[in-house]
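Descriptive structure summary
Residue-level listing of the chains:
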Amino acid sequence: MIRVIPSSVATLFVLTIFWTVPNNAVVSATSNNGGVTRHYQFDIRLKNITRLCHTKNMLTVNGKFPGPRVVAREGDRLVVKVVNHVPNNITIHWHGVRQLRSGWSDGPSYITQCPVQSGESYVYNFSLVGQRGTLFWHAHHSWLRATLYGPLIILPRTNQSYPFAKPYKEIPILFGEWWNVDPEAVIAQALHTGGGPNVSDAYTINGLPGPLYNCSTNDTFNLRVKPGKTYLLRLINAAVNNELFFSIANHTMTVVEADAAYVKPFNSDIIVISPGQTTNVVLNTKPEYINATFFMLARPFFTAKGTFLSSTLAGILEYDNDNDNDTPPSEYSDMKNRTLLKPTLPAINDTSFVANFSRKFRSLNSAKYPANVPQKVDRSFFFTIGLGSIPCPRNQTCEGPNKRTKFAASMNNISFDLPSVAILQQHYFSGKDNGGDYTTDFPVVPPRAFNYTGTPPNNTMVKIGTKVVVIPYNTRVQVVLQDTSILGAESHPLHLHGFNMMVVGQGFGNFDPVTDPGKFNLVDPVERNTIGVPSGGWVAIRFVADNPGVWLMHCHIDLHLSWGLRMAWIVNNGKLSHQKLLPPPSDLPKC
């Protein structure tokens, strides 16, 4: 239950409202002039969970897998107390939330905070400003987000509506991965040997692998729908390492929102969704009851040379013949008595389909929701991204590109090494950006030009460093993100903390600084917090640095993140009081 009690401010009357919230995550909510302050508590605990006939003791929030749903409205404040009852260090990231002046609550370990130690707690306190739609929260330390994640739903303000027909129901659909073993052991082994990690054992929808996996008949997500209704499916890709195709047999979806920003609606039978991305789609059900089972299938999109889980995930959509009964069956048991319909998904490496799908996204760009894309830029950057290698430690045999190297990943040939103290803490408390364990000389262009998507160079070595870019408040920034073919071209979903990116251009091959900018969309580019850099291609983004703090930019494939495909921006304070980072909270974790 949420208990909503407006504060006893003059001219306000007292009102108490009770609102049922799933998973018992909410403690209370109190209204005020600027919206509602909603209080949640996340207890990080170990719990036995069984999937694929394997039971393991794993990290959960409030004993739930996936974790509890967080629901708020645009303009609300969220106050979430995270209590760590497990041996692991913990942080929580509110993926896609702008965190205006509240970078202390962003969550990436050793960037904005040191982790919450075992037996300790930390309160994340931030407002939801100018955003509405679907985001999600997840752990942001090592690979803990494999089990620590859940939906973050931002509803419109109470006096506002969606720019599309009000749905009959709203259904969060979270894609994830399941390992029969501890994912922390998987990445620890990979980092030690320098090779690729063992892949997961299954994909999941809302934590359930579905009937195409062994021992999972009863662990199937079953969506019961009524004929002639409109459903809003809130799609969230919380998978650790995989981009996904998703489709529902004999049904077309209408895309209406991406990464908590409305888009011009378009229809598609197949959705492409990368790790870190969210997409809201409208599903109009058939006008009459149909006695059939419709598979909802998801399968990876993968273009790299390494190993990956190539299996297909299935959920079930069925029509409810009882207008008074909206309860799904307790078991997946009656498929054999129904016609089974399956959708057709693209080939696993279908880069053309992904590129065409990505180009369909356009900002709504209405009077109410304008596309405020910078028409001019103050600073322009060119970042190459991709895989590489680092030397194997002396007297150790490694499993990288050869026996003497480990796999690594980099931006502009710098593989980012996490500091021992969070960069935001160093930046704030020292008052200067030198003398700490990071430097401000991240290269703004590659140190050496080459044919980025052609024949790779013989030297695949990258440098390790903790380097950042410092920019003044309100700088208009453009970044071209260029994939490289070093150790194989592949798609990279790049996530930027603290900002939404306006995606002004994308293409295959090498970016041409002479001809490609003339093709940029500066009218209605889509606004995203995570954008897929095409395999063997590039994407151009713009944003205004109007949020002081330290902001991580990284690949949301966690393997690449662990290998160092990340960098950080430091945005300095502006001159006015409302342009400055707020002071740190008193319970900020110590390193």
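It should be emphasised that the depicted structure is a prediction, and the values quoted were computed from it without experimental measurement.

Time to look at unusual backbone geometry. A cis amide bond, omega -5 degrees, links Phe65 with the succeeding residue Pro66. With respect to the helices and strands, Pro66 occurs in the loop between β5 (54-61) and β6 (70-73). Here the phi dihedral of Asn250 falls at roughly 60 degrees; this positive angle occurs in a residue that is not glycine. Following the sequence through the fold, Asn250 ends up in the loop between β16 (243-248) and β17 (253-258). Phi at Asn412 is positive, roughly 50 degrees, even though this residue is not glycine. Examined against the element boundaries, Asn412 turns out to sit in the loop between β25 (405-411) and β26 (414-416). Asn412 gets classed as buried once you look at its relative accessible area, which sits at 0%.

This model, assessed by the stated rule, comprises three disulfides. What pairs with Cys53 in a disulfide is Cys215, and their sulfur atoms sit 1.6 Å apart. Judged by the sign of its S-S torsion, about 50 degrees, the cystine formed by Cys53 and Cys215 is right-handed. With Cys53 in the loop between β4 (35-51) and β5 and Cys215 in the loop between β13 (202-205) and β14 (222-225), this residue pair connects regions lying 162 residues apart in the sequence. You can call Cys53 exposed: its relative accessible area is 54%. Among the residues examined, Cys215 registers a relative accessible area of 41% and is labelled partly exposed. Here the cysteine-cysteine linkages of the chain are recorded as 1-3, 2-6, 4-5, numbering only bonded cysteines and doing so in sequence order.

Right, let's get into the confidence of the model for the chain. On average, the chain scores 92 in pLDDT, and the residues at 70 or more come to 92%. Segment residues 1-22 is flagged for pLDDT under 50; beyond a separation of four residues in sequence, or across chains, it makes 44 contacts in the model. Confidence drops under pLDDT 50 across residues 326-333; counting only partners more than four residues distant or on other chains, this segment forms 16 contacts.

Cross-referencing UniProt, the feature "domain: Plastocyanin-like" (unreviewed entry) maps to residues 46-157, 170-321 and 442-574 in the present numbering. A distance of 20 Å separates the end C-alpha atoms of residues 170-321, which is 7% helix and 48% strand.

Definitions and limits used
Residues numbered from 1 in each chain as written. Predicted model: local features only at pLDDT ≥ 70, side-chain atom pairs only at ≥ 80, totals over all residues. Heavy atoms only, no water. Helix = DSSP H or I, 4+ residues; strand = E, 2+ residues; numbered from the N terminus. Buried < 20%, exposed > 50% of the residue type's maximum accessible area, 1.4 Å probe, protein only. Disulfide = S-S within 2.5 Å. pLDDT = per-residue confidence, 0-100. Contact = heavy atoms within 4.5 Å. UniProt positions renumbered as here; feature names shortened; annotations may be inferred.

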